[in-house]
Amino acid sequence: MRFILIDSILELEPGKRIAASKVLPASEELFRDHFPGFPVVPGVLLTEMMAQAAGRCLDAEGTHPGRAMLGKINGASFREWVKPDQAIHLHATITQNRPSFATAECFAEVEGKKVCSADLFFVFAPHERFAEGHQDDVLLAYWRNHPEKQPRTR
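Because the structure is predicted, anything quoted here is derived from the model rather than measured. (Residues numbered from 1 in each chain as written. Predicted model: local features only at pLDDT ≥ 70, side-chain atom pairs only at ≥ 80, totals over all residues. Heavy atoms only, no water.)

**Description of the pattern of salt bridges**
This model, assessed by the stated rule, comprises eight salt bridges. The partner of R67 in a salt bridge is D136, and the shortest N-O contact between them spans 3.9 Å. With R67 in strand β3 (residues 66-78) and D136 in the loop between β6 (113-126) and α3 (137-145), this pair connects stretches of sequence that are 69 residues apart. Given a relative accessible area of 19%, R67 falls into the buried group. One network of salt bridges, with partners in common, ties together R56, D59, R67 and D136. (Salt bridge = Lys/Arg side-chain N within 4 Å of Asp/Glu carboxyl O. Helix = DSSP H or I, 4+ residues; strand = E, 2+ residues; numbered from the N terminus. Buried < 20%, exposed > 50% of the residue type's maximum accessible area, 1.4 Å probe, protein only.)

Below you can see the structure in the form of structure tokens.
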């Protein structure tokens, strides 16, 4: 399983809000064990999906001293089980956006129904900690399809 838990960005307002999507296929090995006979997407992966979406929203702004990294889950709740092959729509709104930290209110929905939500806290890992030339393929794909939305600061 790849750990990029965003298939595509649907909407993006850098530093403010994002909508993205992800489908975990039934063929993923994790569904053999979570749970046998009743496969569902683990809550920790739903939380990570929301965090990856919010992190990309912050990184897209291009103004921080590093890349957004989840620092703390202030709260998370799970309302419904998410089955394999279901389209998960992820939403994040950045509620605080400072040079050294940021917060986001996030939720995920399936078939228009909210399945989970989380209040997340982010810190910024210095750019020099990442491999030279590293780029985010998900953000690059979004900007290729929406060049008019790419921030001028990049």
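Moving on from the model shown.
**Here we look at the packing of helix α2 (residues 43-61) against α3**
Where α2 contacts α3, the axes come no closer than 10 Å and their chain directions differ by 65°. Between α2 and α3 lies a crossing of right-handed hand. Facing R56, D59 and A60 of α2, the residues of α3 in contact are V138, L139 and W143. The class makeup of the residues in the contact of α2 with α3 is four nonpolar, no polar and two charged. (Axes fitted to C-alpha atoms, helices over the stretch in contact; angles between N-to-C directions. Left-handed = near helix turned anticlockwise from the far one by under 90°. Contact = heavy atoms within 4.5 Å. Nonpolar A, V, L, I, M, F, W, Y, C, P; charged D, E, K, R; others polar.)

**Description of the sheet that holds strand β5 (residues 101-110)**
Strand order in the open sheet formed by six strands is β1-β2-β4-β5-β6-β3, and the pairing between neighbours is antiparallel. Across the chains shown, the open sheet's two edge strands, defined by having one partner strand only, are β1 (8-13) and β3. Averaged over all neighbouring strand pairs, the angle between strand axes comes to 25°, with direction disregarded. Packed on one face of the sheet, α2 meets β1, β2 (17-23), β3, β4 (87-97), β5 and β6 and runs near 50° to β6. (Pairing = 2+ DSSP bridges.)

**A short note on the pairing of β2**
With five of seven residues buried, β2 is to be regarded as a mostly interior element. Pairing of β1 with β2 involves five bridges; the strand directions are antiparallel. Across the sheet, the residue bridging to L12 is I18, located in β2. Counting the residues in the hairpin turn of β1 and β2 gives three residues, including G15, whose phi is positive at 75°. Where β2 lies against β4, seven bridges are found, and the strand directions are antiparallel. Bridge pairing links A19 to H91 in β4.

**With respect to a nonpolar patch on the surface**
A contiguous nonpolar surface patch, about 350 Å² in accessible area, is contributed by F35, F38 and W81. Tracing the chain through its elements places W81 in the loop between β3 and β4. (Patch = residues over 30% accessible without salt bridge, like charges linked within 9 Å, V, L, I, M, F, W, Y side chains within 5 Å. Areas by Shrake-Rupley, 256 points an atom, 1.4 Å probe, with all protein chains shown as cover.)

**Section: unusual backbone geometry**
Of note, the bond from H34 into F35 is cis; its omega dihedral lies within 30 degrees of zero at -10°. One non-glycine residue with positive phi stands out, namely E111, at about 50°.

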